[in-house]
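Structural overview
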Protein chains: 2
Amino acid sequence: MLVGYLGPKGSFTHDVATHSFPTSERIAYRTITDVIKAYENQEIDFAVVPVENSIEGSVHETLDYLFHQGTIQAVAEVVYPIKQQLLVAKKDRLIRTVYSHPQALAQGKAFLRAHYPNVAMEMTASTAYAARYVAEHPDLEIAAIAPLAAASEYGLEVQAKDIQEIEDNYTRFWILGAKEPAISETLSPALQKVSLALTLPSNLAGALYKGLSTFAWRGINLTKIESRPLKTALGEYFFIIDLLNEAPDLLQFAYQELDSLGIQTKVLGQYQVYTLKENGMEKR
Amino acid sequence: MLVGYLGPKGSFTHDVATHSFPTSERIAYRTITDVIKAYENQEIDFAVVPVENSIEGSVHETLDYLFHQGTIQAVAEVVYPIKQQLLVAKKDRLIRTVYSHPQALAQGKAFLRAHYPNVAMEMTASTAYAARYVAEHPDLEIAAIAPLAAASEYGLEVQAKDIQEIEDNYTRFWILGAKEPAISETLSPALQKVSLALTLPSNLAGALYKGLSTFAWRGINLTKIESRPLKTALGEYFFIIDLLNEAPDLLQFAYQELDSLGIQTKVLGQYQVYTLKENGMEKR
């Protein structure tokens, strides 16, 4: 079985793919779109991509692709803690520039201001690319903010551990595929969820209110609602709604009612949520 | 009067600041947070920052700062068309690498695939930084995707014009300040709007539904609703709601009702929307 993930090696998504499918062959792709396209071209059996971070919010590349172009759905979700490390080629060297993904730079900004007030920050396409760049230029006075897995992957040393600003930092990863995967028992099953994309007829206030009514009066609990631009005109949106899949029968009636209200529904995923056993996140 | 904007010179925000305040002194700042902080430190009278793009969605740095840390409000909005140019130091040279902000790279991807299928794409912190980099390295085989204003600012040539993928691409810019500014008559006043941030008590489905009810049954039209992570735990959000300010009295009653429902309301802005006269956007 082949599993594709957002690479390169040493990324958080790589870590999640390894945890979820420890015995499968795992293939890194350069972008989220490339991973999903690889699945669509039947090069891989499952695709692992990030979908939402507790601080930075949704990963638009994933959700927009699934809404606009994809027929593929999420069949499992892994909620994974994000811990950032300051990595260097050689410990205790002078650091003039820190490389990382913009979100990781934002998360490490408070630490850098306190301990390295004069460093410059440079954006890279991912945390793992930053780590690879530092490994490839061992003589430069640079560091990377990246996951621990990147240190062993690229032979870097940890200059400072867990430098992220907010402790409670998690990312939701989706496993996309045709059927529910057999997930490693090192991960614990938690909730069952459904993710929908709703496209409303005109008149946002009334239509969204009616759409939410179909869930509210059935007692179906939402865990997320978010608008995304339809990419047609400013002010036109679709809505991503996550809900707890506790009453599948009631949900079918809600779908029918949404349809009769003129609200289009696309199922982005219907999935078991998994968490790491070790950190007591079973309730998520 | 001093006006701060998200720089560097040649950025879209610079263009908007120039259009809005043609006779004022204008000062570039490096990040959105820096512009807002400059206003808070009374270095400038108004701050011009981007808030939402019709394709990429909200500018989180602006909205998160105003919600979490700011006491400053939007006092005017400018809706501005985004047109991207492929800029080079010397026309018709070989191009191996294209530099730009990730959103501009995304918008130019279809054009590049069709006309320059083998170029590499490199991210920069802004489109204007990309233009400046190309100008500073005239001997490299590189190009930038940037606004037209950046070409004259940095002495670059336009290799290809209006390469953005989707024609209907606009960005909303907010002018932050203490009072309504006198906006240049080259911009046309359009709608009056209010932007709110709502923080709900627990039970998302019921609370959001009730919150929207306070607007729906008064016929107050929403033009946007979006959830943003509260940065506490995964699954906790605040909501940004834009509405048409057509019945200020009714809105006051809605505020009171939200308060009695336990929903906290923070006003992010109350403003006149302006559009460019030339492109017939008066209805936005």
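On a predicted model such as this, the values are computed, not experimentally measured, just so you know.

**Points about the nonpolar core**
A general tendency of soluble globular proteins is for nonpolar side chains to be buried together. The biggest cluster of nonpolar side chains holds 42 residues, and the ones touching the most others in it are F215 of chain A together with F215 of chain B. With residues up to four places along the chain from it excluded, the contact list for F215 of chain A reads L196, L198, I220, L222, I241, L243, L251, A254 and L258 of chain A.

**Some words on the side chain of T97 of chain B**
All names here are of chain B. Residue position: T97 is located in strand β7 (residues 97–100). On the accessibility criterion, T97 (17% relative accessible area) is buried. Sequence-distant contacts of T97, that is, excluding residues within four places in its chain, are made with A120, E122, E141, I142 and A143.

**What about empty space enclosed by the protein?**
This model, assessed by the stated rule, comprises three cavities of 30 Å³ or more. Taken as a whole, the largest cavity holds about 40 Å³ of empty space. Around the largest cavity, the lining residues are H60, E226, S227, R228, P229 and Y237 of chain A together with E52, G57, S58, H60 and E226 of chain B. Within the residue set of the lining of the largest cavity, elements represented by two or more residues are β13 (222–229) of chain A together with β4 (57–58) of chain B. Considering each element in turn, the lining of the largest cavity owes the most residues, four residues, to β13 of chain A. Here the lining of the largest cavity is built from residues that sort into two nonpolar, five polar and four charged.

**So, unusual backbone geometry**
For the bond running from G7 of chain A to P8 of chain A, omega is 0°, close enough to zero to count as cis. Following the sequence through the fold, P8 of chain A ends up in the loop between β1 (2–6) and α1 (12–20). Even without glycine at this site, D162 of chain A takes up a positive phi of about 50°. Along the polypeptide, D162 of chain A turns up in the loop between β10 (157–160) and β11 (170–177). The exposure class assigned to D162 of chain A is partly exposed, which follows from its relative accessible area of 29%. Of note, the phi angle at Q42 of chain B is positive, near 60°, even though the residue is not glycine. With respect to the helices and strands, the residue Q42 of chain B is situated in the loop between α2 (32–40) and β3 (46–53). Taking the relative accessible area as the measure of exposure, Q42 of chain B reaches 73% and is therefore exposed.

Reading the values: the criteria
- Residues numbered from 1 in each chain as written.
- Chains lettered and ligands numbered in written order.
- Predicted model: local features only at pLDDT ≥ 70, side-chain atom pairs only at ≥ 80, totals over all residues.
- Heavy atoms only, no water.
- Core = buried A, V, L, I, M, F, W, Y, C linked by side-chain atoms within 4.5 Å.
- Buried < 20%, exposed > 50% of the residue type's maximum accessible area, 1.4 Å probe, protein only.
- Contact = heavy atoms within 4.5 Å.
- Helix = DSSP H or I, 4+ residues; strand = E, 2+ residues; numbered from the N terminus.
- 1 Å grid on protein atoms, 1.4 Å probe; cavity = no way out; pocket = protein on both sides within 12 Å on 5 of 7 lines; lining within 4 Å.
- Points joined across faces, edges and corners; volume = space filled by probe spheres on them.
- Nonpolar A, V, L, I, M, F, W, Y, C, P; charged D, E, K, R; others polar.

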